[in-house]
Amino acid sequence: MPFFFEVELSEVNLSDEDRAEYSEHAERMLEEISAIIESYESDSGNIKPLKAFHKAMDRMLMQSKLYDLDLIASFCELGKLVADKASKSISPTLNEVAAGVLADTVDVLIQMVQSIKNGEDISSMKEFESFIGRLRILVNKFKALNADNDVDQLDAIVTDLEKKD
């Protein structure tokens, strides 16, 4: 059974009503997620915010899937996996890197939601190449610590994003 991120990421085709409804809900969720990440960034040793982050990203993931927004769903899944790996890490340096990647993930999601709100295409990854490069570095560090199924899933998402132009 294929995972959702193995499906070709496609252009967003939402009606004006769906676009407005999705954008409104997504912006509220992203405000909550941003506050959670700020809390984690200020103390990356405290993993409690990561659990709240995971739960909030899961809600955003489900909403994105309802609207067939596969690229946003991929970033939500990526955020959940990074949060899970960071919550299991005992390396303060790695957790600081993960905090930065999670904050970047939220920033990318905010940009994507704003693009959807404005009726713009979000299928191109060109503007996020440096972010995807940082993700690749983080995935490789997680692999060096402990290669398990979560890291393989994270690796598959990053590989899929790297293929997008």
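Residues numbered from 1 in each chain as written. Predicted model: local features only at pLDDT ≥ 70, side-chain atom pairs only at ≥ 80, totals over all residues. Heavy atoms only, no water.

Draft legend 1. Main features of unusual backbone geometry. Positive phi, close to 55°, is recorded for aspartate 68, a residue that is not glycine. Looking at the secondary structure, you find aspartate 68 in the loop between helix 2 (48–66) and helix 3 (70–88). (Helix = DSSP H or I, 4+ residues; strand = E, 2+ residues; numbered from the N terminus.)

Draft legend 2. Local environment of the nonpolar core. Within the largest apolar cluster, 51 residues are counted, with the highest numbers of intra-cluster contacts made by Tyr22, Phe53, Met60 and Ile72. Sorting the residues of this core by element identifies helix 1 (16–42), helix 2, helix 3, helix 4 (92–117), helix 5 (129–145) and helix 6 (149–163) as the ones contributing at least two each. Apart from the residues within four sequence positions on either side, phenylalanine 53 is in contact with Ile33, Ile36, Ile37, Gly79, Lys80, Ala83, Leu102 and Val106. (Core = buried A, V, L, I, M, F, W, Y, C linked by side-chain atoms within 4.5 Å. Buried < 20%, exposed > 50% of the residue type's maximum accessible area, 1.4 Å probe, protein only. Contact = heavy atoms within 4.5 Å.)

Draft legend 3. Region of the structure containing the pattern of salt bridges. Applying the stated criterion across every chain yields a total of six salt bridges. One salt bridge connects arginine 19 with aspartate 16, and the closest N-O pair in it is separated by 2.8 Å. Of this pair, arginine 19 and aspartate 16 both sit in helix 1, separated by three residues, roughly a single helical turn. Residue class for arginine 19 comes out buried when judged on its relative accessible area of 17%. (Salt bridge = Lys/Arg side-chain N within 4 Å of Asp/Glu carboxyl O.)

Draft legend 4. Quick look at the packing of helix 2 against helix 3. At a closest axis distance of 8 Å, the pairing of helix 2 and helix 3 adopts a crossing angle of 160°. One finds that helix 2 runs roughly antiparallel with respect to helix 3. Seen from above, helix 2 lies across helix 3 with left-handed handedness. Facing helix 2, whose interface residues are Leu50, Phe53, His54, Met57, Asp58, Met60, Leu61, Ser64 and Lys65, helix 3 presents Ile72, Ala73, Phe75, Cys76, Glu77, Gly79, Lys80, Ala83, Asp84, Ala86 and Ser87. Across the contact of helix 2 with helix 3, the residue classes tally to eleven nonpolar, four polar and five charged. (Axes fitted to C-alpha atoms, helices over the stretch in contact; angles between N-to-C directions. Parallel < 35°, antiparallel > 145°, perpendicular 65-115°, else oblique. Left-handed = near helix turned anticlockwise from the far one by under 90°. Nonpolar A, V, L, I, M, F, W, Y, C, P; charged D, E, K, R; others polar.)

Draft legend 5. View of helix 2. Compared with the 27 Å implied by 1.5 Å per residue over 19 residues, the 28 Å span of helix 2 between its first and last C-alpha is a close match. Considered for burial, the residues of helix 2 that qualify are Pro49, Leu50, Phe53, Ala56, Met57, Met60, Leu61, Gln63 and Ser64. Along the long axis of helix 2, the arc covered by the buried residues comes to 165°, so they all point the same way. In this structure, helix 2 carries Lys48, Lys51, Lys55 and Leu66 as exposed residues pointing more than 90 degrees from its buried face. In this fold, the buried residues of helix 2 make contact with helix 1, helix 3 and helix 4. The positive-phi residue at the C-terminal boundary of helix 2 is aspartate 68, with phi of around 55°. (Expected span 1.5 Å × (residues − 1). Arc of directions from axis to C-beta.)

Draft legend 6. Molecular detail of the confidence of the model for the protein. Here the protein shows a mean pLDDT of 80. Residues at 70 or above account for 84%. Across the protein, the element-wise mean pLDDT spans from 71 in helix 6 up to 93 in helix 2. Predicted confidence is poor over residues 1–11, with pLDDT under 50, and the contacts of this stretch with residues over four places away or in other chains come to 24 contacts. (pLDDT = per-residue confidence, 0-100.)

Draft legend 7. Geometry of the packing of aromatic side chains. Scanning all chains against the criterion turns up one aromatic pair. Centroid distance tyrosine 22 to tyrosine 67: 5.4 Å. Interplanar angle 65°. Geometry classified as edge-to-face. Pair noted here: tyrosine 22 is in helix 1 and tyrosine 67 is in the loop between helix 2 and helix 3, with a separation of 45 residues, a long-range link. Pair check on accessibility: tyrosine 22 and tyrosine 67 agree, each one buried. (Phe/Tyr/Trp six-rings, centres within 6.5 Å; stacked < 30°, edge-to-face > 60°.)

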